[in-house]
Amino acid sequence: MSARLAVDIGGTFTDLAIERDGERWTAKVLTTPAAPELGVLDGVRVVLGRAGLQPTDIELLIHGTTLATNAVIERKGARTALLTTEGFRDVLALGNESRYDQYDLNIDLPQPLVPRRWRVTVPERLDNEGKVLRPLDEEAVRRQLAFLREEGIESLAIGFLHSFVNPAHEKRAAAIVRQVWPDLPVSLSSDVSPEMREWERFSTTVANAYVQPRMASYLHRLEDGLRAAGLACPLFLMLSGGGLTTLETAARFPIRLVESGPAGGAIFAAHVARQKGWDRVLSFDMGGTTAKVCLVDNYAPQAARSFEVARVGRFKKGSGLPLRIPVIEMVEIGAGGGSIAHLDSMGRIQVGPESAGADPGPACYGRGGTLPAVTDANLLLGRYEPDLFAGGALKLHPGPAKDAMAAQIGQRLGLSPEMAALGVVEMVDENMANAARVHAIESGKGYDGRAIIAFGGGGPVHGYRVAEKIGVTRLLVPSGAGVGSAIGFLRAPVAYEVVKSLYQRFATFDLAAVNALLAAMSAEASEVVAHGAFGAPSTEHRLAFMRYVGQGHEIAVALPARELTKDDVAAIRAAYDAEYTRFYDRPVPGSDVEILSFAVTVATVVEDVEPVAPVADAPAPKRVRTQAVRDTATGDVADWAVYDRENMAPGAEVAGPCIVAEAETSTLVGPGWRCRVDGLGYLELRDSRRTA
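1. Re the pairing of strand β6 (residues 119-122)
And then number 1: The side-chain alternation of β6 yields two buried faces, one formed by Arg-119 and Thr-121 and the other by Val-120 and Val-122.
And then number 2: With four bridges joining them, strand β5 (residues 80-85) and β6 adopt parallel strand pairing. Within β6, the position partnered with Thr-84 by the bridge is Thr-121.

2. Here we look at the packing of helix α12 (residues 417-443) against helix α13 (residues 459-470)
And then number 1: Between α12 and α13, whose axes approach to 9 Å, the crossing angle comes to 55°. Relative to α13, α12 is oriented oblique. In this structure, α12 crosses over α13, and the sense of that crossing is right-handed. The segment α12 lies against α13, with Val-425, Glu-426, Val-428, Asp-429, Glu-430, Met-432, Ala-433, Ala-436 and Arg-437 engaging His-462, Arg-465, Val-466, Lys-469 and Ile-470.
And then number 2: Residue composition of the contact of α12 with α13, by class: seven nonpolar, one polar and six charged.

3. Considerations on helix α11 (residues 398-413)
And then number 1: At Ala-406, α11 is deflected by roughly 55°, the largest bend along its length.
And then number 2: Every buried residue of α11 is listed here: Ala-401, Ala-404, Met-405, Ala-406, Ile-409 and Gly-410.
And then number 3: Lining the buried residues of α11 we find β21 (339-343), β22 (349-355), α10 (374-380) and α12.
And then number 4: One or two steps after α11, the chain reaches Gly-414, where phi turns positive at roughly 70°.

4. Regarding the environment of Leu-396
And then number 1: Residue position: Leu-396 is located in the loop between α10 and α11.
And then number 2: The buried category is assigned to Leu-396, whose relative accessible area is 1%.
And then number 3: Sequence separation between Leu-396 and Gly-366 is 30 residues; the distance between their C-alpha atoms is 7.1 Å.

5. Topic: the sheet that holds strand β27 (residues 555-559)
And then number 1: The strand order across the open sheet built from four strands is β25-β28-β26-β27, with neighbouring strands paired in antiparallel fashion. Of all the strands in the sheet, just β25 (495-505) and β27 have a single pairing partner and so form its edges. Each adjacent strand pair in this sheet contributes to an overall mean axis angle of 25°, direction not counted.
And then number 2: One ladder, built from eleven bridges, connects strand β26 (residues 538-548) with strand β28 (residues 593-604); its direction is antiparallel. Looking at the pairing, Ala-544 lines up with Phe-598 of β28.
And then number 3: Its contacts with the sheet put helix α16 (residues 566-584) on β26, β27 and β28, and the angle it makes with β27 is roughly 140°.

6. Regarding the environment of Pro-650
And then number 1: With respect to the helices, strands and loops of the structure, Pro-650 is situated in the loop between β30 (637-644) and β31 (653-655).
And then number 2: Once the C-alpha coordinates of Pro-650 and Pro-262 are considered, the two residues, 388 residues apart in sequence, prove to be 29 Å apart.
And then number 3: Residues contacting Pro-650, with those up to four places away along its chain left out, are Val-615, Ala-616, Ala-618, Val-677, Asp-678 and Gly-679.

The rules behind each value
Residues numbered from 1 in each chain as written. Predicted model: local features only at pLDDT ≥ 70, side-chain atom pairs only at ≥ 80, totals over all residues. Heavy atoms only, no water. Buried < 20%, exposed > 50% of the residue type's maximum accessible area, 1.4 Å probe, protein only. Helix = DSSP H or I, 4+ residues; strand = E, 2+ residues; numbered from the N terminus. Pairing = 2+ DSSP bridges. Axes fitted to C-alpha atoms, helices over the stretch in contact; angles between N-to-C directions. Parallel < 35°, antiparallel > 145°, perpendicular 65-115°, else oblique. Left-handed = near helix turned anticlockwise from the far one by under 90°. Contact = heavy atoms within 4.5 Å. Nonpolar A, V, L, I, M, F, W, Y, C, P; charged D, E, K, R; others polar. Bend = angle between axes of the 7 residues up to and from the residue.

Below, the structure is given as structure tokens:
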């Protein structure tokens, strides 16, 4: 009879979901930015009350948050310093010397999280094999620490040249810090990102140090608050790569939480795709602050080994701070319900990336906001019933929304507030559609035959229009869509990935060294997973990142999850040639292959899901009311029928234009679309104009 609880903190709302014995209860409360744990504790009380449960009934709590991302984007992290090798002070500023826009003479580059004054160096040097060329100057370390203490530094990143091969100097420097400044948080590049490429390694380590004090403090405050509320269950955190880890590990490596909330949404979409038997879908998650799109193929979200945060150029690779962490690959843009609309210098409507957040929120919240947001625009278009927003927990006020839209957009363009709202919604829909197009192009994929799974508070509202823009004819809105990321946390495995660098060439492959490294990595990952697996079976996946000698980028090749033999070495080389051919049509004959790093992932086994069978037709539900809605494609106003999702039985079908309302969101069924309830209670929308 025990239950599991998931909590997802977004920029505007905190979402919660409880599952027990096949039943689910959800809640959505406003986020409390000044003290996020207060919103969590408030939401826990609400959802426990709805479920009729006591805190002691919860056996596991899973948490995800965008706090780490927001701290980097908003530059609200700790006063951080970098201690590095003499001569390498400016690695963070130099980057790899590439330009994300070759033709912009006034290009803006992302500024390092650590200003030059706090990037300090000490004499020491290792070669590329980890041999000591120059011993660590320990007195220099102490002198620099004294300087940083005078500067009021709150967190320290240590990154030395070639420490990913031999971490001895970094560990000794950390030991000195513990001696002379024991309460200073320290992040070592050999722990955070033990891979080659100094810029990416230093950038990831600095970002970890930048968010660590804030995140560690928040996590421990949350843990204390939950314990005081009677929840004594284990607390796990959602990782950017789609797995779960312990609070202790998350507090040590908070940078791995940077895409924590959105990762839960992608896991949710992948689970739903498996239930439907759809092997090619687009996950579309629109919340209060951002929208996220992610390609899901063969029931697995697209994954990556690196990520950029705080891009200064929208959709432009290389314009952000690089992070070398395992992530679910997605495009995230400032296009949520709280995204603020404005006019640019040319008088064009723009939306985001600035957000009204939860405090004060959009103007229609009646909490003091004076700038028009996407939620204000949707309200003015008739898409929301003011008294029933968020299940009636938050009453919307059309008056302030109308005033804000008129003052900031309508009057300056000579438009009524309603037509200005149409322009805002059409712009935000186009922004999201463009993000989906870019994501597909960068991934070498398309949308033919693909479906969209829409969730988040805004996904079902904007989903059909985004589908029309990218040429998709099927849209699915699962039950619990308004809190989809939180539900995704409940589907995620307990998992952890360890990455280490060990340079190898197949011509001189050291089988014993590779096996020893992989065994140690497997043990490290297994130990982390064991704390949260509770005896559940687990699987292990191993990868090697390889390239032809002299090339600049690697390809991942799967390795057997066991001790390698001589026969395996030849098979791995052949597998690399085959994978390279898949990417580039042909191998490179006669060229040796080098391995730069290895990755080992241990994860608990996820239960298989049987696709649900089709259901017979059922009577259409009765409408509960009508709403005058302005169509964003034509600008025409018409009465749209409104149906209560709870009254729609499996097999029931309605024709658009109409609205299917529920507590956490509303699904808009546009003109020419039809909506049918499947055997799982999910809403399946089809564009009848382009499908039979």
